[in-house]
Number of protein chains: 2
Amino acid sequence: MKTNSFISALECPKCGSAHDFRTQAHLCGCGSPLLAVYDLEAAKKTVTKESIARRKADLWRYKELLPVLDEDNIVTLGEGMTPLLPLPRAGKAIGVEGLLIKDEGVIPTGTFKARGAAVGVSKAKELGAAVLAMPTNGNAGAAWAAYAAKAGIAMSIAMPLGAPPICRTECAAYGAELRLVDGLISDCGKLVAEDVSRLGHYDASTLKEPYRIEGKKTMGYEIAEQLGWRLPDVIIYPTGGGVGLIGIHKALAEMRALGLAEGDPPRLVAVQAEGCAPIVRAFEEGREESEFWEGANTVAFGINVPKALGDFLVLRALRETGGAAEAVSDDEILRAMSALAATEGQFVCPEGAAAFAAAGKLREKGWIREGETVALLNTGAGIKYPGVLGG
Amino acid sequence: MKTNSFISALECPKCGSAHDFRTQAHLCGCGSPLLAVYDLEAAKKTVTKESIARRKADLWRYKELLPVLDEDNIVTLGEGMTPLLPLPRAGKAIGVEGLLIKDEGVIPTGTFKARGAAVGVSKAKELGAAVLAMPTNGNAGAAWAAYAAKAGIAMSIAMPLGAPPICRTECAAYGAELRLVDGLISDCGKLVAEDVSRLGHYDASTLKEPYRIEGKKTMGYEIAEQLGWRLPDVIIYPTGGGVGLIGIHKALAEMRALGLAEGDPPRLVAVQAEGCAPIVRAFEEGREESEFWEGANTVAFGINVPKALGDFLVLRALRETGGAAEAVSDDEILRAMSALAATEGQFVCPEGAAAFAAAGKLREKGWIREGETVALLNTGAGIKYPGVLGG
């Protein structure tokens, strides 16, 4: 059965060239990631709040705005429609009474990476990919390995030795080929690039295929739908590769064109760790791209990305929405983790804690104003990081 | 705002006496757990498939059939409506083409214990409890600690040293008082009983308050609703304390009275580990209660319960539905874990793997017949048990 997807093209956000979405596509000739484009004028006629409301509570409720063409190719573990919850005590403590958390720990594999993997693997299946390959800081690899196993597609993963140990166990259990690398995700990326050119693997690296971002953008749709199609004033996102933030920004534009959400878009905030803050630095210096961050190191391993391929799209999203970029220290992250667990029963991952820490700092600076609604992305479950709080 | 709960009494399933649900209640004078009773005749007029369908995808969509009276007392982290997914490859491998998994790993705190904790803590809050106390094999303690933190209620927990280490970290993070015991959950129970009588703590031990079961029963409602209010032929449940199975059995009776689900109820199956199978033994010997299992030991720590307070209710549920009780070895559990991960992208907990192993054995014996629909309960995420598959 057809999904009735309205995908119409792949487009390069750098040089503007169009690409075919019916065959496997990776980077543009100019080196930029590609973005999926939909015929939103046509979609507007069939995709309504009412039609969406009647559907199952997973991310495939937005299937007309996802790239998969045939429902038989959908590889799902039940991902999406994660809780959006008020944080009254934690919010009050930092002077943000309208604080919300989008809890991406409540999803298969325990992190938001499941969204990108669900859509990315489904589309790779539809395009006939035989072996998927990617570098990962852990959770993306685990998620892609899970969905590849469900799809019956082989998976080859390169992961830093420093990644959360549970992610190794997951990749192995899912039957993926796993290489551990004494280095950063950027070093893993070099290995994967070699395999892709030598063995013809399907390159599933961050933004080197256009569909992971389509899965991630559903966080934006869900936040809007869960708020009754009203938008929060601010969305705070812990930023490594930045795919989720790029995706949310894309979703905001699509929802506006579809008439699903009106008014000003939320101001988007990229949070990074002080030990690895290339996008914060580029934002502050007014540059369009970031520079490789030497000696990257933080307890929030998922955002330990020294140079993101989509950095220019992240920076563009921040500037277009009147957003901000904020760095927090590891100490602030750990204190935020403890505070959210003790006061809200939310055992978040260090990256989610970074978003909460940033909310406090931005409120203190007056950048977040009194009475504003602020949604934090907690990108994963704290239980995947048992060592971070000791124990 | 009122929830419009139709709770009408607490009833003893052993001696039949009625108890007040408006004050704190624990065991019946006869020593039996109490069960919540609802005015289902009245509920039938307002609780319909259509009214439920329009609600948020969490377990509070069944609020009229839950014990909380005031919505302000609902303590939620977004739990419920976990995925119910087909397992085509794994099912084919064991000759059960209609195999389904209810994935309770996709829930706050990563296990089905969140359901009992959400409803149990909410009701304890409504009843004015100040300090909750319980013994736990790990995951229930973690879940209750999370919801108690969200509610702003103190929590005191006793846990065996052998419980999954992550659960200690969780309890500590949530600010619970935690005692580690060199013994079994039954030894922890003795400590808690002392505290309850000495300090007046609210006894939240398994089945020593009547509301955890109400949270767990929503698994039964969800399975039915997710199948379009049709029931599967068989439901297989890994059984320690057995609360989920008792709850599902209760939900089946309620749904029948409410006209939500028709036809024969599913045959319920209790799965235990060969190293701790008191209910399997009692079932086979035709007894109404189990006996304490000496030297209990299994890799599936969540079902390492040597004697369950609600054993007679579990045995009654099995017999009333024409069900079965099946023991599986640790080796079978580990092989089932690997098989589900590699073929279905499902990294289940050892208890969920036990349910899959039992499905294979029951099919082999011919007890599960060709063409039957069989739903497995995976009670938690495999990521909470990193050591079980090595790593």
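Residues numbered from 1 in each chain as written. Chains lettered and ligands numbered in written order. Predicted model: local features only at pLDDT ≥ 70, side-chain atom pairs only at ≥ 80, totals over all residues. Heavy atoms only, no water.

Undergrad: So what's going on with the overall build of chain A? Which residues, and what values?
TA: Scanning chain A for helices and strands turns up 13 helices and 13 strands. Relative to the globule expectation of 21 Å for 391 residues, the C-alpha radius of gyration of chain A, 19 Å, shows essentially globular dimensions. Out of the 391 residues in chain A, the part that is buried amounts to 63%. Across chain A, every contact between residues at least 6 apart in sequence was considered, and the portion connecting residues at least 24 apart equals 71%. (Helix = DSSP H or I, 4+ residues; strand = E, 2+ residues; numbered from the N terminus. Rg over C-alpha atoms; globule rule 2.2 N^0.38 Å. Buried < 20%, exposed > 50% of the residue type's maximum accessible area, 1.4 Å probe, protein only. Contact = heavy atoms within 4.5 Å.)

Undergrad: Which residues make up empty space enclosed by the protein, and what values go with them?
TA: In total, this model carries two cavities of 30 Å³ or more according to the counting rule given. Its volume calculated, the largest cavity comes out at about 360 Å³. For the largest cavity, the lining is made up of 34 residues, of which Gly105(A), Gly110(A), Gly105(B), Gly110(B) and Ile383(B) are closest to its centre. Empty space within the second largest cavity amounts to approximately 40 Å³. Lining the second largest cavity are Leu231(A), Leu252(A), Arg256(A), Ala261(A), Gly263(A), Asp264(A) and Pro265(A). Among the residues making up the lining of the second largest cavity, the classes are represented as four nonpolar, one polar and two charged. (1 Å grid on protein atoms, 1.4 Å probe; cavity = no way out; pocket = protein on both sides within 12 Å on 5 of 7 lines; lining within 4 Å. Points joined across faces, edges and corners; volume = space filled by probe spheres on them. Nonpolar A, V, L, I, M, F, W, Y, C, P; charged D, E, K, R; others polar.)

Undergrad: For the packing of helix H9 (residues 243-258) of chain B against helix H11 (residues 311-320) of chain B, give the residues involved together with the corresponding values.
TA: Residue and element names in this part refer to chain B. Interhelical geometry of H9 versus H11 gives an angle of 45 degrees and a closest axis separation of 9 Å. Between H9 and H11, the angle falls in the class oblique. The interaxial crossing formed by H9 with H11 has left-handed handedness. Every residue of H11 that contacts H9 at Leu245, Ile246 and His249 is listed here: Leu313, Val314, Ala317, Leu318 and Glu320. Here the contact of H9 with H11 is composed, by residue class, of six nonpolar, one polar and one charged. (Axes fitted to C-alpha atoms, helices over the stretch in contact; angles between N-to-C directions. Parallel < 35°, antiparallel > 145°, perpendicular 65-115°, else oblique. Left-handed = near helix turned anticlockwise from the far one by under 90°.)

Undergrad: Go over the relation of the copies chain B and chain A with me, naming the residues and quoting the values.
TA: You can overlay chain B on chain A at an RMSD of 0.0 Å; the transform is a turn of 180 degrees with a shift of 0.0 Å along its axis. Look at the turn and shift together and you get a two-fold axis relating the two. Looking at the rotation axis and the C-alpha trace of chain B, the residue lying nearest is Val106(B), at 2.5 Å. Both copies share a contact surface, since 100% of the interface residues of chain B are interface residues in chain A too. (Least-squares fit on C-alpha atoms with pLDDT ≥ 70 in both.)

Undergrad: Before we move on, could you go through the interface of chain B and chain A and cite the residues and values that matter?
TA: A common way to state how big an interface is: give the accessible area lost once the parts meet. Of the residues lining the interface, 39 residues belong to chain B; the matching set on chain A comes to 39 residues. Together, the buried faces of chain B and chain A total about 2800 Å²; carbon and sulfur atoms form 64% of this surface. Three residues stand out in chain B for area buried against chain A, namely Lys150(B), Thr169(B) and Ile383(B), and they jointly supply 20% of the buried area on that side. The interface formed by chain B and chain A contains two salt bridges. Residues Lys150(A) and Glu344(B) are paired through a salt bridge, measuring 2.6 Å at the closest nitrogen-oxygen approach. The tally of links from chain B across to chain A stands at ten residue pairs in polar contact (both at pLDDT 80 or more). Going through the elements one at a time, strand S4 (84-86), helix H3 (88-93), helix H5 (139-151), helix H6 (165-173) and helix H12 (330-344) of chain B are the ones with two or more residues in the side of chain B that touches chain A. Of the residues in the side of chain B that touches chain A, the class split is 22 nonpolar, twelve polar and five charged. (Buried area = accessible area lost by both parts, 1.4 Å probe. Salt bridge = Lys/Arg side-chain N within 4 Å of Asp/Glu carboxyl O. Polar contact = N/O pair within 3.5 Å; in protein donor to acceptor, adjacent residues only side chain to side chain.)

Undergrad: Please give an account of the environment of Phe292(A) that cites residues and values.
TA: Residues and elements named next belong to chain A. Inspection of the secondary structure puts Phe292 in the loop between helix H10 (278-284) and helix H11 (311-320). A residue is classified by how much of its surface remains accessible, and Phe292, at 38% relative accessible area, is partly exposed. In the structure, Phe292 is positioned 24 residues away from Leu268 in sequence and 23 Å away in space, judged by C-alpha atoms. In this view, Phe292 contacts Ser186, Pro306 and Lys307; residues no more than four positions away in its chain are not counted.

Undergrad: How would you summarise the nonpolar core if you had to cite specific residues and measurements?
TA: Counting 272 residues, the largest nonpolar core has Leu132(A), Ile236(A), Leu132(B) and Ile236(B) as the members making the most contacts within it. Counting residues in hydrophobic clusters, the runner-up holds six residues, among them Ala133(A), Ala158(A), Cys188(A) and Val192(A). (Core = buried A, V, L, I, M, F, W, Y, C linked by side-chain atoms within 4.5 Å.)

Undergrad: Requested: an account of the sheet that holds strand S10 (residues 234-238) of chain A, with residues and values cited.
TA: Residues and elements named next belong to chain A. Read from one edge of the open sheet, six strands run S4-S5-S13-S10-S11-S12, paired in mixed fashion. The open sheet terminates on both sides in strands that have one partner only, identified here as strand S4 (84-86) and strand S12 (324-328). Strand-to-strand, the axes of this sheet are offset by a mean angle of 25 degrees, without reference to chain direction. Of the pairings in the sheet, the one linking S10 to strand S11 (residues 267-273) comprises five bridges and is parallel in character. In the strand pairing of S11, Val234 is matched with Arg267. On the sheet, helix H9 (residues 243-258) packs against S10, S11 and strand S13 (373-378) and is oriented at approximately 180 degrees with respect to S11. Along the sheet face, helix H12 (residues 330-344) touches S4, S11 and S12 and points at about 95 degrees away from the line of S12. (Pairing = 2+ DSSP bridges.)

Undergrad: Can you lay out the pattern of salt bridges for me, pointing to particular residues and giving the numbers?
TA: Residue and element names in this part refer to chain B. One pass over the full model with this rule turns up 54 salt bridges over all chains. Here Lys307 makes a salt bridge to Asp311, at a shortest N to O gap of 2.5 Å. Of the charged contacts, one joins Glu326 and Lys365 as a salt bridge, the two residues approaching to 2.8 Å between their closest N and O atoms. Here Glu326 is found in strand S12 (residues 324-328), whereas its partner Lys365 is found in the loop between helix H13 (350-364) and strand S13 (373-378), with 39 residues between them in sequence. The exposure class assigned to Lys365 is exposed, which follows from its relative accessible area of 57%.

Undergrad: Quick rundown of the sheet that holds strand S9 (residues 202-203) of chain B? Include the residues and the values.
TA: All names here are of chain B. If you walk across this open sheet you meet the four strands as S8-S7-S6-S9, and the pairing is parallel. Of all the strands in the sheet, the pair left with one neighbour each is strand S8 (177-181) and S9. Note that strand S6 (residues 131-135) and strand S7 (residues 154-160) share five bridges and pair parallel. By the bridge assignment, Pro135 is partnered in S7 with Ala158.

Undergrad: Residue-level account of the confidence of the model for chain A, with values.
TA: Here chain A averages 96 in pLDDT, while 99% of its residues score no lower than 70. Across the whole predicted complex the pTM is 0.96, and at the interface the ipTM reaches 0.95. (pLDDT = per-residue confidence, 0-100.)

Undergrad: Provide a residue-level description of unusual backbone geometry, including the pertinent values.
TA: The phi dihedral of Asn4(A) falls on the positive side, at around 65 degrees, and the residue is not glycine. Position of Asn4(A) among the secondary structure elements: in the segment before strand S1 (7-11).

Undergrad: Would you mind going over the packing of aromatic side chains in detail, with residue names and values included?
TA: Summed over all chains, the structure comprises six aromatic pairs over all chains. Both rings, one in Phe347(A) and one in Tyr174(B), keep their centres 6.2 Å apart while their planes meet at 75 degrees; by these two values the pair is edge-to-face. Residue Phe347(A) is located in the loop between H12 and helix H13 (350-364), and its partner Tyr174(B) is located in the loop between H6 and S8; the two belong to separate chains. Both residues of the pair, Phe347(A) and Tyr174(B), belong to the buried class. On the numbers, 6.3 Å between centres and 65 degrees between planes, the contact of Phe112(B) with Tyr237(B) is edge-to-face. Pair noted here: Phe112(B) is in the loop between strand S5 (98-103) and helix H4 (113-126) and Tyr237(B) is in strand S10 (residues 234-238), with a separation of 125 residues, a long-range link. Each member of the pair, Phe112(B) as well as Tyr237(B), carries the same accessibility label: buried. Geometry around Phe312(A) places Lys14(A) over its ring, the cationic atom sitting 4.2 Å from the centre. (Phe/Tyr/Trp six-rings, centres within 6.5 Å; stacked < 30°, edge-to-face > 60°. Lys NZ or Arg CZ within 6 Å of the ring centre and 35° of its normal.)

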